[in-house]
There are 2 protein chains.
Amino acid sequence: MSVPRQERGPTIVDVADLAQVSVSTVSRVVRKHADVKDETRARVQAAIDSLGYQPSPIARALVAGRTRLLALLVSDIANPFYPQLARSVEQEAKRGDYTVVICNTDDRAVETRRYLERLLLQGLDGVIHASVSHDEAVVHELLPDRRRVVFTNRPPTDPQASYVVSDNAGGAEDLTRYLLSIGHRRIGFIGGPKFATNAVARVEGFRRVMTEAGEPDPLVAEGDFSAEHGGKAAIAWREIPHPPTALIAVNDSVALGALEALIDRGLKVPDDVALAGFDGVQLAASPLVNLTTVDQHIDRMGRRAVRVLLRQLGRRAGPTASEVLPTQLLVRGSTDSTLRPPLQGLVPGRGGASPAGGRKGRAEKAS
Amino acid sequence: MSVPRQERGPTIVDVADLAQVSVSTVSRVVRKHADVKDETRARVQAAIDSLGYQPSPIARALVAGRTRLLALLVSDIANPFYPQLARSVEQEAKRGDYTVVICNTDDRAVETRRYLERLLLQGLDGVIHASVSHDEAVVHELLPDRRRVVFTNRPPTDPQASYVVSDNAGGAEDLTRYLLSIGHRRIGFIGGPKFATNAVARVEGFRRVMTEAGEPDPLVAEGDFSAEHGGKAAIAWREIPHPPTALIAVNDSVALGALEALIDRGLKVPDDVALAGFDGVQLAASPLVNLTTVDQHIDRMGRRAVRVLLRQLGRRAGPTASEVLPTQLLVRGSTDSTLRPPLQGLVPGRGGASPAGGRKGRAEKAS
DNA sequence: GTGAAAGCGCTAACAG
DNA sequence: CTGTTAGCGCTTTCAC
């Protein structure tokens, strides 16, 4: 393993030599810490500038036990929800002079463990946990200090744990009420895995409202967060006696899978079946998709999560903090045919008619 | 800044004490380096196990000047191309016991500089540069050792630089020839920024084939990689005297933007205008999109890039290596109406006809 | 105000 | 085969 060694720049000793002071004085100047005589400070600063000296984070980390490194744990970077979250997390972290590492867990606790073990040894300072895996125990085991972690996207079980999540149940309630209000009675919920507490909360909200509406035992399909699951569930329900007239997917990705599968079967959305998602990813707003959804304000959630984490990291004994953010229902063409439907009527060259074309109503209306 | 200090686990000294040997012996055992008597090794190993000792990467990095940390520079994690690339890069890096940090440059050289400065100080070992920004000079300035960087996605200018890229020109040529072969003469190319060498190569391939076909001055719209740009260019060309009958977008994201804009105007794809992309992102295969594209085999590209980088990192004097990977044309409904068109004929509830439904031909055929 | 000295946890000669 | 000895580059008492 004769690997090339990183060339190092000037060290604190070089600066000290040049400025004719001790290293401790240089250290003080660099950290603008204790009192240093103005003149000395100036001399040291000049030496720093002329050498282009920059302190080594590695050495600092060795001494301080801190790295200004945060990890963002996501389920699947290929699910558009996570890149959106990642961008906002990264941006906010940058403002606090932290760097973010993105880690894909694939919702497997073993991956959570792998990353955490590795990065903690590497000197990780904190974790933004946006993955929904059944791994809370692992996190608490590896990071017993609750202040170093903030859960987002899904609420944690541990009452001590810090989190920034959406009002998942409330959002699902709003959405369900809306579907009932436009006349749907048979509504199917394409759910996520039962270890995902955000998915569970959404199902609960749905169930609650349905029960209130006199539909105490609505259709619910458990599964994972894959588009395939969405597609399969949507199709399976076409075969049953009284197929649902509306579907709610546990998130936009699953909704997209359902939409694709429905299209594949030649079904019309929203006329044959209405469809809604949850998250509010950008893609859902595309005219190709035009999906009714519950907006989590992903950017805000990411920003808030970082703020909360940095606050906890910043003081010695501060308690953990938590936030529940409101959601917003976005009604689009996939449930409301007076708006543009998910898909314009573009038909193959031979046969089939084309629609009126152009816009049909506003593309979207907030709840 | 009274920040909580990371609790540290047992150190090498603890192990040495327990095993009644010197730290160097422990170090040897840990690194399975020099010869250690079996009995000693066993004793040390027992101590390691009982203490649950794990060496500190930070201290190692301080001594070795290496961290087993790689950075993946991407233009925009929200462009589906990059998450797909990131997954394969991450996976391959994991196999070599490296950890990958994903960095968004937004295609701004200043961001490249920011990340690189920061991470190099942090002890970054190598860089997979998949962002296409005009920042090659910055990279070479900050990382003069060419072995520490591999460019992917876009070919670098520096002849010494290592890279793993697709045959961008060739892919564009294949695509253009295909469009000509199905009868298109007026083809518009929605290009990217001129600082992006991959985009430039694609335009060149396009121009070459068009010239050969007797269309020496085809439509080309320069711009950025945004979906907006795709939409605007596609629309703008509807207004000119002889609008193109086919469009090629510099990548799938731009193509998606164009598709959305065309739909928005009530135009039919591929009948009013055919549309193709470049990249081969998963979304392009969706029945909602069904986009003809040039497959870059993103996963393979990411894997190869990591391999090349790790090889260069691994030996002291090995020369830099480079690879150009072949592409594959994927013909789908956005250019071939005998396949399923991008959008099934789903029309609003009132008015408009619905299509035959079900599949129309194979969803896709390789070139 | 400033400096000297002792590490942080590990690796890497160099001796035995 | 194994131990001793220097550091890696920085922070941090504790003196002066």
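**Q** How should the overall build of chain A be read in this particular structure?
**A** Scanning chain A for helices and strands turns up 12 helices and 13 strands. Across the 367 residues in chain A, those meeting the buried criterion constitute 57%. The long-range fraction of contacts in chain A, counting pairs at least 24 apart against all pairs at least 6 apart in sequence, stands at 69%. As displayed, chain A has an accessible area near 14,500 Å², and 51% of this comes from carbon and sulfur atoms.

**Q** Mind showing me how you'd approach the pairing of strand 8 (residues 246-249) of chain A here?
**A** Consecutive side chains of a regular strand alternate in pointing toward one face of the sheet and then the other. All names here are of chain A. Of the two faces of strand 8, the one holding Ala246 and Ile248 and the one holding Leu247 and Ala249 are both buried throughout. In this structure, strand 6 (residues 187-190) lies alongside strand 8, joined through four bridges in parallel fashion. Bridged to isoleucine 190 within strand 8 is alanine 249. Bridging between strand 8 and strand 9 (residues 274-276) involves three bridges; their strand directions are parallel. Residue pairing for strand 9: leucine 247 is matched across the bridge by leucine 275. Handedness of the β-α-β unit built from strand 8, helix 11 (residues 252-264) and strand 9 comes out right-handed.

**Q** When you look at the packing of aromatic side chains in this model, what are you seeing that I'm missing?
**A** Counting across every chain of the model gives four aromatic pairs over all chains. Taking the centre distance of 4.9 Å and the plane angle of 85 degrees together, the rings of Phe81(A) and Tyr82(A) count as edge-to-face. Note on Tyr82(A): relative accessible area 5%, which makes it buried. With a centroid separation of 5.1 Å and an interplanar angle of 40 degrees, the aromatic rings of Phe189(B) and Phe206(B) are classed as tilted. One end of the pair, Phe189(B), is in strand 6 (residues 187-190); the other, Phe206(B), is in helix 9 (residues 197-212), and 17 residues separate them in sequence. Grouping residues by exposure puts Phe189(B) and Phe206(B) together as buried.

**Q** Honestly, the pattern of salt bridges in this entry has me stumped. Any pointers?
**A** For side chains bearing opposite charge, pairing can occur when the charged atoms are close. Under the definition given, this model contains 43 salt bridges over all chains. Between Asp135(A) and Arg154(A) there is a salt bridge; the shortest N-O distance is 3.0 Å. Of the two residues, Asp135(A) sits in the loop between strand 3 (126-129) and helix 7 (136-142) while Arg154(A) sits in the loop between strand 4 (149-152) and strand 5 (162-166), which places them 19 residues apart along the sequence. Each member of the pair, Asp135(A) as well as Arg154(A), carries the same accessibility label: buried. Residue Lys194(B) pairs with Glu222(B) through a salt bridge whose shortest N-O separation is 3.6 Å. Remark: Glu222(B) occurs in the loop between strand 7 (219-221) and helix 10 (227-236) and Lys194(B) occurs in the loop between strand 6 and helix 9; sequence separation between them is 28 residues. Glu222(B) shares its class with Lys194(B); the two are exposed.

**Q** How should I be thinking about the sheet that holds strand 5 (residues 162-166) of chain B in this particular structure?
**A** Sheet strands pair via backbone hydrogen bonds, and the direction of the pair is either parallel or antiparallel. Residues and elements named next belong to chain B. Across the sheet, which stays open at both edges, the six strands sit in the order 2-1-3-4-5-11 with parallel pairing between neighbours. Strands with a single pairing partner mark the edges of an open sheet, and in this sheet they are strand 2 (99-104) and strand 11 (322-325). The sheet shows a mean angle of 15 degrees between the axes of neighbouring strands, taken without regard to direction. Across four bridges, the pairing between strand 5 and strand 11 is parallel. The partner of tyrosine 163 across the bridge, within strand 11, is serine 322. Along the sheet face, helix 5 (residues 81-95) touches strand 1 (69-74), strand 2, strand 3 (126-129) and strand 4 (149-152) and points at about 165 degrees away from the line of strand 1.

**Q** How do you make sense of the pairing of strand 6 of chain B when you look at a structure like this?
**A** All names here are of chain B. Alternating positions in strand 6 separate into two faces, Ile187 and Phe189 on one and Gly188 and Ile190 on the other, with burial throughout. Of the pairings in the sheet, the one linking strand 6 to strand 7 comprises three bridges and is parallel in character. Looking across to strand 7, one finds that glycine 188 is bridged to leucine 219.

**Q** Explanation requested: the packing of helix 10 of chain B against helix 11 (residues 252-264) of chain B in the structure shown.
**A** Two quantities define a packed helix pair, namely the angle between the axes and the distance from one axis to the other. Residues and elements named next belong to chain B. Between helix 10 and helix 11, the least distance of the axes is 7 Å, while the angle of their chain directions is 50 degrees. Viewed along their axes, helix 10 and helix 11 adopt a mutual orientation that is oblique. Viewed along their axes, helix 10 and helix 11 form a crossing whose handedness is right-handed. In this structure, helix 10 contributes Ala227, His229, Gly230, Gly231, Ala234 and Ile235 to the contact, and helix 11 contributes Ser253, Val254, Gly257, Ala258, Ala261 and Leu262. A per-class count over the contact of helix 10 with helix 11 returns seven nonpolar, five polar and no charged.

**Q** How do you make sense of the sheet that holds strand 2 (residues 99-104) of chain A when you look at a structure like this?
**A** Residues and elements named next belong to chain A. With respect to topology, six strands assemble into an open sheet ordered 2-1-3-4-5-11, the strand pairing being parallel. Of all the strands in the sheet, just strand 2 and strand 11 (322-325) have a single pairing partner and so form its edges. With direction set aside, neighbouring strand axes in the sheet form an average angle of 15 degrees.

**Q** Would you take a moment to explain the domain arrangement of chain A for this structure?
**A** All names here are of chain A. The assigned domain composition of chain A is domain 1 (12-55), domain 2 (69-167 + 299-325) and domain 3 (168-295 + 327-365). Residue-level contacts link 14 residues of domain 2 with 17 residues of domain 3. In total, about 1,300 Å² of surface goes out of reach between domain 2 and domain 3, with carbon and sulfur atoms giving 48% of it. Taken as a group, Gln84, Val132 and Asp167 account for 37% of the area that domain 2 buries against domain 3, more than any other trio of residues on that side. Taken together, the links from domain 2 to domain 3 amount to zero salt bridges. For the pair domain 2 and domain 3, the interface holds eight residue pairs in polar contact (both at pLDDT 80 or more).

**Q** Is there a simple way to explain the nonpolar core in this structure?
**A** One recurring pattern in soluble globular proteins is that nonpolar side chains are buried together. By size, the foremost hydrophobic cluster in this structure holds 147 residues, and its most contacted members are Leu72(A), Ile128(A), Leu72(B) and Ile128(B). Once you skip the residues sitting within four places of it in the chain, Leu72(B) turns out to touch Leu85(B), Ala86(B), Val89(B), Val100(B), Val101(B), Ile102(B), Cys103(B), Ile128(B) and Ala130(B). In this structure, Leu69(A), Leu73(A), Ala161(A) and Leu120(B) belong to the second largest nonpolar core, which totals 36 residues.

**Q** Help me understand the state of the cysteines in this model?
**A** Each disulfide consists of a covalent bond between the sulfur atoms of two cysteine residues. Scanning all chains against the criterion turns up zero disulfides over all chains. Residue Cys103(A) stays outside any disulfide, its sulfur separated by 12 Å from that of Cys103(B), the closest cysteine. The exposure class assigned to Cys103(A) is buried, which follows from its relative accessible area of 0%.

Conventions used here
Residues numbered from 1 in each chain as written. Chains lettered and ligands numbered in written order. Predicted model: local features only at pLDDT ≥ 70, side-chain atom pairs only at ≥ 80, totals over all residues. Heavy atoms only, no water. Helix = DSSP H or I, 4+ residues; strand = E, 2+ residues; numbered from the N terminus. Buried < 20%, exposed > 50% of the residue type's maximum accessible area, 1.4 Å probe, protein only. Contact = heavy atoms within 4.5 Å. Areas by Shrake-Rupley, 256 points an atom, 1.4 Å probe, with all protein chains shown as cover. Pairing = 2+ DSSP bridges. Right-handed = clockwise from strand over helix to strand, strands pointing away. Phe/Tyr/Trp six-rings, centres within 6.5 Å; stacked < 30°, edge-to-face > 60°. Salt bridge = Lys/Arg side-chain N within 4 Å of Asp/Glu carboxyl O. Axes fitted to C-alpha atoms, helices over the stretch in contact; angles between N-to-C directions. Parallel < 35°, antiparallel > 145°, perpendicular 65-115°, else oblique. Left-handed = near helix turned anticlockwise from the far one by under 90°. Nonpolar A, V, L, I, M, F, W, Y, C, P; charged D, E, K, R; others polar. Domains from an automatic or database assignment. Buried area = accessible area lost by both parts, 1.4 Å probe. Polar contact = N/O pair within 3.5 Å; in protein donor to acceptor, adjacent residues only side chain to side chain. Core = buried A, V, L, I, M, F, W, Y, C linked by side-chain atoms within 4.5 Å. Disulfide = S-S within 2.5 Å.

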